[in-house]
Amino acid sequence: MKASTTVNFLRHIRNMVAASGKKRVIYAITNIVVMALGVFFALCVKWCWTGTFVDGSMPFIGGLLGLIVTIPLTLLTFLQGFVAQFALVFITAIGIGNREERRPNVAAFLIALLTSVGLIVAGVILLKTVL
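Residues numbered from 1 in each chain as written. Predicted model: local features only at pLDDT ≥ 70, side-chain atom pairs only at ≥ 80, totals over all residues. Heavy atoms only, no water.

Enquirer: Which parts of the structure should I look at to understand the overall build of the chain?
Expert: When helices and strands are counted, the chain shows 4 helices and 0 strands. In terms of overall size, the chain is more extended than a compact globule, its C-alpha atoms giving a radius of gyration of 18 Å where 131 residues would be expected to give roughly 14 Å. If one aligns the C-alpha atoms of the chain with their principal axes, the spans along those axes are about 60 × 35 × 20 Å. Counting only residues that meet the buried cut, the chain has 34% of its 131 residues in that class. Restricting to contacts in the chain with at least 6 residues of sequence separation, those with at least 24 account for 68%. On the chain, roughly 8400 Å² of surface is accessible, and the fraction owed to carbon and sulfur atoms is 76%. (Helix = DSSP H or I, 4+ residues; strand = E, 2+ residues; numbered from the N terminus. Rg over C-alpha atoms; globule rule 2.2 N^0.38 Å. Buried < 20%, exposed > 50% of the residue type's maximum accessible area, 1.4 Å probe, protein only. Contact = heavy atoms within 4.5 Å. Areas by Shrake-Rupley, 256 points an atom, 1.4 Å probe, with all protein chains shown as cover.)

Enquirer: Honestly, the nonpolar core in this entry has me stumped. Any pointers?
Expert: Where a protein is soluble and globular, its nonpolar side chains tend to be buried together. Phe9, Ile13, Met16, Ala28, Leu79, Ala84, Leu88, Val89, Ile91 and Ala112 together form the largest nonpolar core, which totals 10 residues. Those elements that place two or more of their residues in this core are α1 (3–18) and α3 (60–95). A per-element tally of this core places α3 first, with 5 residues. (Core = buried A, V, L, I, M, F, W, Y, C linked by side-chain atoms within 4.5 Å.)

Enquirer: What is the right way to read the side chain of glutamine 85 from this model?
Expert: Considering the arrangement of structural elements, one finds glutamine 85 in helix α3. There is a polar contact of 3.1 Å between the side chain of glutamine 85 and the side chain of asparagine 31. With near-sequence residues (within four places) excluded, glutamine 85 lies in contact with Tyr27, Ala28, Asn31, Ile32, Met35, Ile111, Ala112, Thr115 and Ser116. (Polar contact = N/O pair within 3.5 Å; in protein donor to acceptor, adjacent residues only side chain to side chain.)

Enquirer: When you look at the environment of phenylalanine 60 in this model, what are you seeing that I'm missing?
Expert: Structurally, phenylalanine 60 can be placed in helix α3. Between the C-alpha atoms of phenylalanine 60 and tryptophan 49, which are 11 residues apart in sequence, the distance is 9.8 Å. When near neighbours in sequence (up to four residues on either side) are disregarded, phenylalanine 60 contacts Thr52 and Phe53.

Enquirer: Looking at this model, I keep getting lost on the side chain of threonine 70. Mind explaining?
Expert: Topologically, threonine 70 is positioned in helix α3. When its relative accessible area of 9% is taken as the criterion, threonine 70 is described as buried. In this view, threonine 70 contacts Phe41, Cys44 and Val45; residues no more than four positions away in its chain are not counted.

Enquirer: It is not clear to me how the packing of aromatic side chains should be interpreted in this structure. Could you clarify?
Expert: What describes a pair of aromatic rings is the distance from one ring centre to the other and the angle between the planes of the rings. One pass over the structure, following the stated rule, counts 4 aromatic pairs. Seen in terms of ring centroids, tryptophan 49 and phenylalanine 53 are 4.5 Å apart; in terms of plane orientation they differ by 50°. Their pairing is tilted. Of this pair, tryptophan 49 and phenylalanine 53 are both found in helix α2 (residues 21–54), 4 residues apart, which corresponds to roughly one turn of the helix. Taking relative accessible area as the criterion, phenylalanine 53 reaches 40% and is therefore assigned partly exposed. A ring pair is formed by phenylalanine 53 and phenylalanine 60, whose centres lie 5.9 Å apart and whose planes are at 80°; its orientation type is edge-to-face. On the accessibility criterion, phenylalanine 60 (47% relative accessible area) is partly exposed. Here a set of aromatic residues connected by ring pairs shows up, and it is made of Trp49, Phe53 and Phe60. (Phe/Tyr/Trp six-rings, centres within 6.5 Å; stacked < 30°, edge-to-face > 60°.)

Spelled out as structure tokens, the structure:
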């Protein structure tokens, strides 16, 4: 992964820390959209891999190009979505202490916490079915 991707991720975290409570709610919802994109790209990786190497239903060059495109996108959206959402749980938990922005921070905290817990539960269920 390029250094600029890491810098953008750190900038994203810094922006979430500096944001007001209302903007943190928007960040929580945006992180959900990015997480959904991450799941979509992971499914595309699985589809390209299966189509290219398992059942041969996809041309080799097309599957290889699909993997070259979707693997970095999966990693990027994982970093930007999943990890940022976990960070937002802690950022908003600290922000709840600010009396003026308590309500939006609580809303952002609940959104981030519930999606993070849902992610962990879905991951456990997925791992149990695979293993």
